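If you want the building blocks of each chain, they are given just below.
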Amino acid sequence: MSRGGRKTIAMERSEHQFAWLLVLPALGTIVLIAFFPLLWTVWDSFHVHDLRMPWRGQPFIWFMNYTEALTDARLWEAVAHTVFFTLLSVATELVVGLLLALALHHSYRGRGLVRVAVLVPWAIPTVVTALVWRFMFESPSGIVNAVLRDIGLESEPIVWFIRPMTAWVPIILADVWKTTPFVALLLLAGLQNIDPSLYEAARVDGARPWRQFIHITLPLLQPALLVALIFRTLDAFRVFDLIYVMTSGGPGTATEPIALYTFNVLFQNLRFGFGAALSVLIFLVTFTLALLYIRVLGRDVIGSSP
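Residues numbered from 1 in each chain as written. Predicted model: local features only at pLDDT ≥ 70, side-chain atom pairs only at ≥ 80, totals over all residues. Heavy atoms only, no water.

Some remarks on the overall build of the protein chain
Then, number 1: Looking only at helices and strands, the protein chain features twelve helices and zero strands.
Then, number 2: Counting from the amino terminus, the protein chain carries its helices and strands in the arrangement α-α-α-α-α-α-α-α-α-α-α-α.
Then, number 3: Relative to the globule expectation of 19 Å for 306 residues, the C-alpha radius of gyration of the protein chain, 26 Å, shows a markedly less compact shape.
Then, number 4: For the protein chain, the spread of C-alpha atoms along the principal axes amounts to about 90 × 75 × 30 Å.
Then, number 5: Counting all 306 residues of the protein chain, 36% fall into the buried class. (Helix = DSSP H or I, 4+ residues; strand = E, 2+ residues; numbered from the N terminus. Rg over C-alpha atoms; globule rule 2.2 N^0.38 Å. Buried < 20%, exposed > 50% of the residue type's maximum accessible area, 1.4 Å probe, protein only.)

Structure, rendered in structure tokens:
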């Protein structure tokens with residue numbers, strides 16, 4: 001090998017090492033913030049770590065915490081609550097978000113102001129949203145009951161938070177009101193990427209608006225819909241703050257999702273080993289969902305590419 005070739009290889013190796021030196025601080029930060037707590041949680045889940053009985057120490061018990069978790073009736077009840085909340089809220093947000101995106105996509109006077117107004121709920125902190133919606137539904141003589149009574153849909157005031165099914169109504173409405181603008185924003189970006197000439201060609205061929213929507217808008221909007229579905233499903237599955245502020249999982253445990261149950265195990269029952277096992281299970285489920293959605297999304301994008 002010539003001297004010039006060896007010099008080129010040495011320069012490339014030096015640049016490669018320098019690139020790693022630039023990346024190492026970011027990698028170290030990721031390991032410190034993300035991977036180390038995760039590994040520590042996994043390690044803690046294999047031990048008895050109960051702050052109520054510190055004299056027991058922290059003996060290694062292998063998979064006993066996971067066995068207890070998977071046979072815990074309250075955990076499966078919390079999983080059912082989480083799935084119910086996720087399915088109902090995400091489906092509603094996708095439908096309403098699509099309608100909002102279609103309304104925001106058309107040109108009309110004052111469209112910019114409408115877009116800003118629609119995004120306001122998304123900008124409000126979740127705790128504030130929960131407090132406002134709790135105030136609206138909490139009192140038998142509150143705003144919601146007064147409106148229902150005035151329009152003739154209610155003869156007697158409903159105590160919303162005393163029954164399981166009625167307690168879910170303000171929770172789901174608050175989540176839909178809060179996060180639908182986010183879905184609408186994602187879908188609006190997808191709508192703006194569709195070539196307008198496709199609609200012009202469809203109108204020339206005599207296609208009605210609903211046929212244009214079915215055969216042009218929905219197929220070309222599918223990647224944006226899948227992205228919105230990924231983000232909202234993962235976020236809804238980990239719901240905590242909204243329900244914690246509005247009902248604290250009540251009445252009883254009728255609205256307790258899996259994240260709130262894990263919080264109660266960790267910080268009320270002080271069972272850190274068992275709580276760590278629950279946290280690992282939540283991570284595995286959300287990670288699996290993310291992988292499945294990404295595979296579906298990747299296949300859809302590859303299949304729709306020219």
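We are not done yet, so read on.
A look at the packing of helix 8 (residues 196-204) against helix 9 (residues 209-237)
Then, number 1: Here helix 8 crosses helix 9 at 165°, and the two axes come no closer than 11 Å. Judged by the inter-axis angle, helix 8 sits roughly antiparallel to helix 9. As for how helix 8 packs across helix 9, the hand of that crossing is right-handed. For the pair formed by helix 8 and helix 9, the contact residues are L198, Y199, A202 and R203 on the first element and Q212, I216, T217 and L220 on the second.
Then, number 2: In the contact of helix 8 with helix 9, the residues fall into five nonpolar, two polar and one charged. (Axes fitted to C-alpha atoms, helices over the stretch in contact; angles between N-to-C directions. Parallel < 35°, antiparallel > 145°, perpendicular 65-115°, else oblique. Left-handed = near helix turned anticlockwise from the far one by under 90°. Contact = heavy atoms within 4.5 Å. Nonpolar A, V, L, I, M, F, W, Y, C, P; charged D, E, K, R; others polar.)

Quick notes on the environment of A224
Then, number 1: Within the secondary structure, A224 is located in helix 9.
Then, number 2: Classification of A224 as buried rests on a relative accessible area of 14%.
Then, number 3: For the pair A224 and V296, spaced 72 residues apart in sequence, the C-alpha to C-alpha distance is 12 Å.
Then, number 4: In this view, A224 contacts L186, L187 and G190; residues no more than four positions away in its chain are not counted.

Comments concerning the confidence of the model for the protein chain
Then, number 1: Taken as a whole, the protein chain shows an average pLDDT of 86; of its residues, 93% reach a score of 70 or greater.
Then, number 2: In the predicted structure, residues 302-306 sits below a pLDDT of 50 and forms zero contacts with residues beyond four places in sequence or in another chain. (pLDDT = per-residue confidence, 0-100.)

Observations concerning the environment of I194
Then, number 1: With respect to the helices and strands, the residue I194 is situated in the loop between helix 7 (164-192) and helix 8.
Then, number 2: For the pair I194 and I216, spaced 22 residues apart in the sequence, the C-alpha separation amounts to 8.7 Å.
Then, number 3: In this structure, I194 is in contact with Y199, I216, T217 and L220, ignoring residues within four places of it in sequence.

Examining a nonpolar patch on the surface
Then, number 1: A cluster of nonpolar residues, F18, W20, L21, L22, V23, L24, L27, I30, V31, F35 and L39, forms a patch on the protein surface that exposes about 1,100 Å² of accessible area.
Then, number 2: Tracing the backbone shows L21 in helix 1 (residues 3-44).
Then, number 3: A relative accessible area of 55% means that L21 is categorised as exposed. (Patch = residues over 30% accessible without salt bridge, like charges linked within 9 Å, V, L, I, M, F, W, Y side chains within 5 Å. Areas by Shrake-Rupley, 256 points an atom, 1.4 Å probe, with all protein chains shown as cover. Salt bridge = Lys/Arg side-chain N within 4 Å of Asp/Glu carboxyl O.)

Overview of the packing of aromatic side chains
Then, number 1: By the definition in use, this model includes 20 aromatic pairs.
Then, number 2: With 5.3 Å between their ring centres and 15° between their planes, F240 and Y244 make a pair best called stacked.
Then, number 3: For F240, a relative accessible area of 25% puts it in the partly exposed group.
Then, number 4: Residue Y244 is classed as partly exposed on the basis of its relative accessible area, which comes to 35%.
Then, number 5: These aromatic residues form a ring-pair network of at least three members: W43, F46, F60, W62, F63 and Y66.
Then, number 6: Here R134 stacks its cationic end above the ring of F161, 5.2 Å away from the centre of that ring. (Phe/Tyr/Trp six-rings, centres within 6.5 Å; stacked < 30°, edge-to-face > 60°. Lys NZ or Arg CZ within 6 Å of the ring centre and 35° of its normal.)

As for the pattern of salt bridges
Then, number 1: Overall, the coordinates contain eight salt bridges when judged by the stated rule.
Then, number 2: One salt bridge connects R52 with D50, and the closest N-O pair in it is separated by 2.9 Å.
Then, number 3: Between R232 and D175 there is a salt bridge, with the nearest N and O atoms lying 3.1 Å from each other. Of the two residues, R232 sits in helix 9 while D175 sits in helix 7, which places them 57 residues apart along the sequence. Like R232, the residue D175 is buried in the burial classification.
Then, number 4: Residues joined in a network through salt bridges with shared partners are E93, D175, R232, D235 and R238.

Some details on the side chain of E256
Then, number 1: In this structure, E256 sits in the loop between helix 10 (241-246) and helix 11 (258-267).
Then, number 2: Side-chain polar atoms of E256 contact the side chain of R74, separated by 2.7 Å.
Then, number 3: Leave out the neighbours within four places in its chain, and E256 touches R74, A78, H81, G249, Y261 and N264. (Polar contact = N/O pair within 3.5 Å; in protein donor to acceptor, adjacent residues only side chain to side chain.)

Some words on helix 5 (residues 126-138)
Then, number 1: With 13 residues, helix 5 extends 17 Å between its outermost C-alpha atoms, agreeing within 8% with the 18 Å of an ideal straight helix rising 1.5 Å per residue.
Then, number 2: In this structure, the buried side of helix 5 is in contact with helix 6 (143-150), helix 7 and helix 10. (Expected span 1.5 Å × (residues − 1).)

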